[in-house]
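Tertiary structure, described
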Amino acid sequence: MGVTKKSFGKSPEGKDVFLYELKNENGVAASVTDFGAILVSVMVPDKNKKLTDVVLGYDTVEGYYENKPHFGSPIGRNGNRIGGAKFIINGKEYVLAQNDNKNNLHSGPDFYRTRVWDVEEVKEQENSITFRIFSPDGDQGFPGNFTGYVTYKLTDDNELVMHYTGSADADTVVNMTNHSYFNLAGHNAGAESMLNHVVQIHAPEFTPVSDSEAIPTGVILKVEGTPMDFTSPKKIGQDVEADYEQLIFGGGYDHNYALCREKGEVKEAAAAHSDETGITMKVFTDLPGMQFYIGNFINNENGKGGSVYTKRAGFCMETQYYPNACNEANFQSSVLKAGEKYDTTTIYQFVTEA
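Described below are features of the structure shown in this document. All figures in this text were calculated on a predicted structure; none of them were measured in a lab.

**As for the overall build of the chain**
Along its length, the chain carries 3 helices and 29 strands. Over its C-alpha trace the chain gives a radius of gyration of 19 Å, about what one expects of a compact globule, namely 20 Å for 354 residues. Taken along the three principal axes of its C-alpha coordinates, the chain extends 60 × 50 × 35 Å. Relative to its 354 residues, the chain shows a buried fraction of 60%. Within the chain, residue pairs in contact and separated by at least 24 positions form 65% of the contacts whose partners lie at least 6 positions apart. When the accessible surface of the chain is split by element, carbon and sulfur atoms take 45% of a total near 13,800 Å². Side chains of the chain give 31 positive and 48 negative charges; the mean places of these two sets differ by 1 Å.

Now the structure itself:
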């Protein structure tokens with residue numbers, strides 16, 4: 001029980017960074033670092049009581065310096081893509097870097113995950129830690145001084161609660177998420193095990209994309225009768241190679257699922273299960289969307305314990321406002337008004353069946 005701290009090396013600038021382990025009474029443990037406020041590991045007992053790390057990542061902080069897949073990373077100010085790498089607020093156009101074709105992806109290239117965050121608060125009795133980041137006006141191209149927080153809390157119900165809050169002094173775009181990749185058979189179990197996971201997504205609709213650049217068309221389509229349908233549990237690999245335009249565009253699943261049309265109460269969004277370990281992960285959120293991405297572009301990443309992560313070694317369930325919501329009138333806006341509070345919660349809960 002509680003929170004323990006140990007050295008995790010130094011940032012590229014030579015600043016000391018640390019690894020914080022949150023552990024509950026069931027032996028579940030989550031490790032996070034102030035370098036990028038990244039989720040480094042989640043240890044869950046499998047059906048044979050063997051502790052299994054279900055999060056892809058690196059053994060040392062140096063691995064996270066580049067981290068092209070964004071393993072474990074909280075994304076800000078904006079997660080996912082902004083079409084044309086620009087948007088308009090109050091009649092003024094703001095231009096971001098084009099780091100993904102002609103679009104902006106995850107607010108790069110100066111990502112939040114490459115910065116050392118401040119440790120705002122540690123609550124040992126609650127198994128929680130809060131990280132803080134200050135993003136000045138013009139940072140990444142966004143208007144307004146923004147102060148953001150992410151709190152990781154591990155409950156005795158094996159819930160990893162991620163609470164994002166923040167505010168800005170000018171109207172701006174804020175759409176934070178977590179880009180962790182999971183493999184419930186173990187971080188190093190590989191693509192075959194990942195594709196055998198049974199997944200259910202409580203979304204009757206999804207937002208199709210225009211082409212392989214993955215900007216939504218603005219239309220919201222029903223999943224029924226398509227390979228995108230996970231309303232009933234099915235293996236990830238069941239339809240992934242279907243001759244379906246949206247899957248061809250993404251090289252597999254890499255799409256926003258419309259859980260609802262607007263942000264609301266925290267409710268179950270999805271679940272994934274590995275028969276190999278008996279581990280189930282449930283996802284809860286108050287956000288309207290969830291990007292289901294199955295690691296189609298992981299390319300021989302040298303990971304923990306000498307592992308090499310290849311294509312589809314893990315999956316992401318990134319809760320969010322819909323992609324390009326700052327530009328798409330048909331989607332709930334991701335614009336945060338000056339002085340208003342950004343406040344959203346996502347939970348990953350782990351359940352092991354004997």
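Next comes the rest of the account.
**Some details on the pattern of salt bridges**
Scanning the model with the defined rule gives 14 salt bridges in all. Of the charged contacts in the structure, one is a salt bridge between aspartate 16 and lysine 10, with a shortest N-O distance of 2.5 Å. A relative accessible area of 41% means that lysine 10 is categorised as partly exposed. The salt bridge involving lysine 68 is made with glutamate 66; its shortest N-O contact spans 3.6 Å. Accessibility expressed as a relative area gives 60% for lysine 68, which makes it exposed. A relative accessible area of 52% places glutamate 66 in the exposed class. It is possible to trace a salt-bridge network through shared partners that takes in Asp110, Arg115 and Asp139.

**Some details on empty space enclosed by the protein**
Enumeration over the complete set of coordinates arrives at 1 cavity of 30 Å³ or more. Every residue along the wall of the largest cavity is listed here: Asn80, Arg81, Thr207, Val209, Ala214, Pro216, Asp254, Asn256, Gln291 and Pro323. Residue composition of the lining of the largest cavity, grouped by class: 4 nonpolar, 4 polar and 2 charged.

**Looking at the sheet that holds strand β23 (residues 279–285)**
One open sheet holds the 9 strands; their spatial order is β11-β12-β13-β14-β29-β23-β22-β17-β20, and the pairing between them is antiparallel. Every interior strand has two partners, whereas the edge strands, β11 (118–123) and β20 (234–235), have only one.

**Some remarks on the side chain of asparagine 158**
Relative to the helices and strands, asparagine 158 resides in the loop between β13 (146–154) and β14 (159–168). When its relative accessible area of 15% is taken as the criterion, asparagine 158 is described as buried. Here the side chain of asparagine 158 touches asparagine 24 through a polar contact of 2.8 Å, side chain to side chain. Contact partners of asparagine 158, with chain neighbours within four places excluded, come to Asn24, Asn26, Val28, Tyr348, Gln349 and Phe350.

Rules of the game
Residue numbering note: each chain is counted from 1, following its sequence as written. Local features in this predicted model are restricted to residues of pLDDT 70 or higher, and side-chain atom pairs are both shown and tallied only at a pLDDT of 80 or more, whereas totals for entire chains, interfaces and linings draw on every residue. Computation of side-chain values covers all heavy atoms of the structure but excludes hydrogens and water. Per the convention used, a helix needs a DSSP run of H or I reaching at least four residues, while a strand needs a run of E reaching at least two, with both numbered from the N terminus. Radius of gyration: over C-alpha atoms. The globule rule applied is 2.2 Å multiplied by the number of residues raised to the 0.38 power. Note on exposure labels: buried denotes an accessible area under 20% of the residue type's maximum, exposed denotes more than 50%, and partly exposed covers the range between, all computed with a 1.4 Å probe on protein chains only. Residue contacts are counted whenever heavy atoms from the two residues lie within 4.5 Å of one another. The method behind every accessible area is Shrake-Rupley, applied with a 1.4 Å probe, and residues are considered shielded solely by the protein chains displayed. For the purpose of charge, His is not counted, nor are the chain termini; Lys and Arg are scored as positive and Asp and Glu as negative. Every charge is mapped onto a representative atom, which is NZ of Lys, CZ of Arg, CG of Asp or CD of Glu. Salt bridges are identified by distance alone: a Lys or Arg side-chain nitrogen within 4 Å of an Asp or Glu carboxyl oxygen. Only protein atoms enter the 1 Å grid used here. Points where a 1.4 Å probe fits but cannot escape make up a cavity, open sets with protein on both sides within 12 Å along at least five of seven lines make up a pocket, and a residue lines them when an atom lies within 4 Å of a point. Grid points are joined across faces, edges and corners, and a volume is the space filled by probe spheres set on the points. Just so you know the grouping, Ala, Val, Leu, Ile, Met, Phe, Trp, Tyr, Cys and Pro go in nonpolar, Asp, Glu, Lys and Arg go in charged, and all remaining residues, Gly too, go in polar. When DSSP finds at least two bridges between two strands, those strands are taken to pair. Polar contacts, as used here, are pairs of N or O atoms within 3.5 Å; protein pairs need one atom able to donate a hydrogen and one able to accept it. Residues neighboring in sequence count only if both atoms are side-chain atoms.

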